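Per-entry structural report
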Amino acid sequence: MADQEVQTLEDLGDAMGVTSEAVDNSEAVADAPVYVQKIDDHGRAYATGKRKDAIARVWIKPGAGRISVNGRELDVYFARPVLRMILKQPLVAAERKDQYDVMCTVSGGGLSGQAGAVRHGISKALTFYEPELRGILKKGGFLTRDSRVVERKKYGKAKARKSFQFSKR
């Protein structure tokens, strides 16, 4: 092998004794993973979404597009239009706005974090119900958990980074 000069990948394969059939078979095995539908006995898809300190448990099933959060309607629980818009983003991106009923329970954090957690949960539940939507939702960034959290307060500081006023005297 040291005598032969390797110029291409095929030459390297010949030198190592790897056949072209073995290379073709390994490519078939290394394909992208296949995502399957995950539905419970009631015909619902379940997912957990997180954002800041908020955790949302989300169930989706085919329906008229009703969304309930902690047993209340969406408009009652999230009064600000911006929060409702955030929550509906994955359904709008997947063009499934009025096709699924969403039922979720959310706890922890504030309203903004809770809306983000529900959005994350809806996105994951949609991919469990319809795996072919994964590409659209991933491209929109809805499947990525936003890991930003509040920085902790440090000893000797007024807040996480703010110092007390300095005086030379």
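As shown above, the structure is provided for reference.
In this report, we go over the structure that sits alongside the text.

Conventions adopted
Residues numbered from 1 in each chain as written. Predicted model: local features only at pLDDT ≥ 70, side-chain atom pairs only at ≥ 80, totals over all residues. Heavy atoms only, no water. Patch = residues over 30% accessible without salt bridge, like charges linked within 9 Å, V, L, I, M, F, W, Y side chains within 5 Å. Areas by Shrake-Rupley, 256 points an atom, 1.4 Å probe, with all protein chains shown as cover. Salt bridge = Lys/Arg side-chain N within 4 Å of Asp/Glu carboxyl O. Helix = DSSP H or I, 4+ residues; strand = E, 2+ residues; numbered from the N terminus. 1 Å grid on protein atoms, 1.4 Å probe; cavity = no way out; pocket = protein on both sides within 12 Å on 5 of 7 lines; lining within 4 Å. Points joined across faces, edges and corners; volume = space filled by probe spheres on them. Nonpolar A, V, L, I, M, F, W, Y, C, P; charged D, E, K, R; others polar. Pairing = 2+ DSSP bridges. Buried < 20%, exposed > 50% of the residue type's maximum accessible area, 1.4 Å probe, protein only. Core = buried A, V, L, I, M, F, W, Y, C linked by side-chain atoms within 4.5 Å. Contact = heavy atoms within 4.5 Å. Expected span 1.5 Å × (residues − 1). Bend = angle between axes of the 7 residues up to and from the residue.

1. Things to note about a nonpolar patch on the surface
Among the surface-exposed residues, Leu 9, Leu 12, Met 16 and Val 18 lie close enough to one another that they form a single nonpolar patch of about 420 Å² accessible area. Summarising the element assignment, Leu 12 is placed in helix H1 (residues 9–16).

2. Focus on the layout of surface pockets
One simple way to see leftover space: roll a probe sized like a water molecule over the atoms. In this model, the largest pocket occupies a volume close to 190 Å³. Here the element with the most residues in the lining of the largest pocket is helix H5 (residues 111–129); it accounts for 5 residues. Per-class residue counts for the lining of the largest pocket are 3 nonpolar, 5 polar and 5 charged.

3. Side note on the sheet that holds strand E5 (residues 100–107)
With mixed pairing, 5 strands are arranged side by side in an open sheet as E1-E2-E5-E3-E4. Of all the strands in the sheet, the pair left with one neighbour each is strand E1 (45–51) and strand E4 (72–73). Sheet topology places strand E3 (residues 67–69) next to E5; 3 bridges connect them, and they run parallel. In the strand pairing of E5, Ser 68 is matched with Met 103.

4. Considerations on the pattern of salt bridges
If you walk through the whole model with that rule in mind, you get 8 salt bridges. As a salt-bridge pair, Arg 66 and Asp 101 come within 3.3 Å of each other at their nearest N and O atoms. Highlighted residues: Arg 66 in the loop between strand E2 (54–62) and E3 and Asp 101 in strand E5, separated in sequence by 35 residues. The class of Asp 101 is buried, set by a relative accessible area of 11%. With a closest N to O distance of 3.1 Å, Glu 151 and Arg 161 form a salt bridge. One end of the pair, Glu 151, is in the segment after helix H6 (134–140); the other, Arg 161, is in the segment after H6, with 10 residues separating them in the sequence. On the accessibility criterion, Glu 151 (38% relative accessible area) is partly exposed. Judged by relative accessible area, which is 64%, Arg 161 ranks as exposed.

5. Observations concerning the pairing of E5
Look at any regular strand and the pattern is simple: side chains alternate between the two faces of the sheet. Inspection of the sheet shows E2 paired to E5 by 8 bridges, in the antiparallel sense. When the bridges of E5 are listed, Trp 59 appears paired with Met 103.

6. A look at the pairing of E1
Every second residue of E1 is oriented toward a common face, the buried set being Ala 45, Ala 47, Gly 49 and Arg 51 and the non-buried set Tyr 46, Thr 48 and Lys 50. Where E1 and E2 come together, 7 bridges link them in antiparallel fashion. Of the residues in E2, the one forming a bridge with Gly 49 is Ala 56. Counting the residues that bridge the hairpin from E1 to E2 gives 2 residues, and of these Lys 52 lies at a positive phi of roughly 50 degrees.

7. A look at the nonpolar core
In this structure, Ile 60, Val 69, Phe 78, Ile 122 and Leu 126 are the most contacted members of the largest nonpolar core, which totals 30 residues. At the level of secondary structure, the elements contributing two or more residues to this core comprise E1, E2, E3, helix H3 (74–77), helix H4 (81–93), E5 and H5. The biggest single contributor to this core is H5, with 7 residues. Excluding its chain neighbours within four sequence positions, the residues that come into contact with Ile 122 are Val 58, Leu 87, Pro 90, Leu 91 and Val 102.

8. Here's the deal with H4
Working note: α-helix, 3.6 residues per turn, so residues spaced by three or four point in the same direction. Here H4 is 13 residues long and its end C-alpha atoms lie 18 Å apart, about the 18 Å a rise of 1.5 Å per residue gives. The sharpest bend along H4 reaches about 40 degrees and sits at Leu 87, with the proline Pro 90 one to four residues further on. Among all positions of H4, only Leu 83, Arg 84, Leu 87, Pro 90 and Leu 91 are buried. Elements in contact with the buried residues of H4: E3, H3, E5, H5 and H6.

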